[in-house]
Amino acid sequence: MRIAIDLTATPKSKTGIGRYMLGLLKGLQETDKENEYYLFAQDDDLDGFGVYAPNFHMVPVKSSILRKTYIRILWEQIVFPWRVRKLKADVLHCPNYTMPYFLKFISSRTKVVTVFHDMTYFIYPQYLVGWKCKMFQWYIKRSARRADKIITISENSREDIPNYCKPRNKDIAVTYMGVKDEFFSSKPASQELLEKYGINKKYIIYVGTLEPRKNVPGLLRGYKLLPDEIRDEYKLVIVGKKGWLYDEIFDTANSEPKLRDNVIFTGFVEDDDMRSLMRSSSSVAYLSYYEGFGIPVIEGMASGVPTVTTNVSSLKEVAGDCCFTCSPDKDEEIADALMKAINDSKKLEQNDSEAVDLRDRALDRANFFSWENCAKATLEAYKSIK
């Protein structure tokens, strides 16, 4: 097969969809030596996807034009279909809800696979920028009717999708996301690295974009309910770049000394630093209201760190019985789960058998979610529509 993949909407800082594509491409290169891949990417980021296999070919497009979102959308709908037709692609993989809707009129041979990560745009529209939410609702409904195959990243999302759109092909494929191997072997943070981010005590860590759906204010409120002596011993480190509608996060963090003096915002952190910070934390906390998958949860488990997440959407599916879970809406439950994780961390330091068993089960579960498995499932999705 000749498989085209549209990477043109992927930002240079690889978060969200960027991390998904990095992992998937790594897995595909390791598992598929037979098919030919053509990766359309902006020419200022051709080295950013870790492509090395001889059957994977970068196809550059002009970043000076396509970094402007509205121009990229026009290019996707008007120019890109002709590029795909010229390539004589058997499959076009569109990794983020959209697709070139007129492709079918000019290239009947090309089957389109699109990825619906979750249904946030329908379930939690209040947590998104209004115009962007409406636009993606339109995209999703139209892509569902036009795509030959939909891929999603959890059973929870597969169940959600038909509730909000009408897929042309109801056989939706689940390709669980993976965790980088480096998380299993990452080194603890050095004193120099901790000083770089102003960390001088033990700490709980959150990793993710600062946006309403991630429920960072809930994490802050739960942390505030911890006993004073625990907050004196453990800081809360918030790792991630600003997304949108983030004012409540900083308003909550600055609302009183209990938080203001103990919460550290690092901004965006490169992967190497982030992995070491996660490895050295006492707990990873990821308390989102809704996720298609929730990579930080398995990254916390792969790091061998007690992990706290919520008991909703795909997060309970990913966590299994290997994390401390709570309701995202109940501050007291969040505080209780954080306290349990801190106590578990102390038990790990003492080599307590119960804590070690939980850590080992979490490591095994994280191992299950590999990019190799994601790639194999994605290949099966391609083949199923030939």
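Residues numbered from 1 in each chain as written. Predicted model: local features only at pLDDT ≥ 70, side-chain atom pairs only at ≥ 80, totals over all residues. Heavy atoms only, no water.

A. Highlighting the nonpolar core. In terms of nonpolar packing, the biggest core is built from 92 residues, with Ile5, Tyr20 and Leu277 touching the most fellow members. No other element matches the 7 residues that helix H17 (residues 331–349) contributes to this core. When near neighbours in sequence (up to four residues on either side) are disregarded, Tyr20 contacts His93, Pro95, Val115, His117, Ile151, Ile153, Thr175, Met177, Trp371 and Cys374. Within the second largest apolar cluster, 35 residues are counted, among which are Leu66, Ile73, Phe136 and Tyr290. (Core = buried A, V, L, I, M, F, W, Y, C linked by side-chain atoms within 4.5 Å. Buried < 20%, exposed > 50% of the residue type's maximum accessible area, 1.4 Å probe, protein only. Helix = DSSP H or I, 4+ residues; strand = E, 2+ residues; numbered from the N terminus. Contact = heavy atoms within 4.5 Å.)

B. Molecular detail of unusual backbone geometry. At Lys88, a residue that is not glycine, the phi angle is positive and equals roughly 60 degrees. By secondary structure assignment, the location of Lys88 is in the loop between helix H3 (69–87) and strand S4 (91–94). At Tyr97, a position not held by glycine, the phi torsion is positive, near 75 degrees.

C. Here's a closer look at H17. Over its 19 residues, H17 runs 27 Å from end to end, which matches the ideal 27 Å to within 8%, given 1.5 Å per residue. Among the residues of H17, those classed as buried are Asp331, Ile334, Ala335, Ala337, Leu338, Met339, Ala341, Ile342, Asp344, Ser345 and Leu348. Count one or two residues on from H17 and you reach Asn351, which has phi positive near 60 degrees. (Expected span 1.5 Å × (residues − 1).)

D. Structural view of the state of the cysteines. According to the stated counting rule, one finds 0 disulfides in the structure shown. For the unlinked cysteine Cys94, the closest cysteine sulfur is that of Cys165, found at 15 Å. Take Cys94: its relative accessible area is 2%, and that puts it in the buried class. (Disulfide = S-S within 2.5 Å.)

E. Region of the structure containing helix H6 (residues 130–146). Here H6 spans 25 Å end to end across 17 residues, near enough to the 24 Å set by a 1.5 Å rise per residue. Buried residues along H6 sit in contact with H3, strand S5 (111–115), helix H5 (120–123) and strand S6 (149–152).

F. Just the side chain of Glu291, in detail. Looking at the secondary structure, you find Glu291 in the loop between strand S11 (283–286) and helix H15 (295–302). According to the relative accessible area criterion, Glu291 is buried, its value standing at 6%. At a separation of 3.2 Å, a polar atom in the side chain of Glu291 contacts the side chain of Arg213. Of note is the side chain of Glu291, whose polar atom sits 3.0 Å from the side chain of Tyr286. Non-local contacts of Glu291, meaning those with residues more than four positions away in its chain, are made with Asp118, Arg213, Lys214, Tyr286, Ser313, Ser314 and Leu315. (Polar contact = N/O pair within 3.5 Å; in protein donor to acceptor, adjacent residues only side chain to side chain.)

G. A look at the packing of aromatic side chains. Under the criterion given, the structure shown has 26 aromatic pairs. Between Tyr37 and Phe56, the aromatic rings sit 4.2 Å apart at their centres with planes inclined by 5 degrees, giving stacked as the arrangement. Separated by 19 residues along the polypeptide, Tyr37 in strand S2 (residues 36–42) and Phe56 in strand S3 (residues 56–61) bring together distant segments of the chain. On the accessibility criterion, Tyr37 (0% relative accessible area) is buried. One Lys or Arg, Arg275, reaches over the ring of Phe183 and ends 5.8 Å from the middle of that ring. (Phe/Tyr/Trp six-rings, centres within 6.5 Å; stacked < 30°, edge-to-face > 60°. Lys NZ or Arg CZ within 6 Å of the ring centre and 35° of its normal.)

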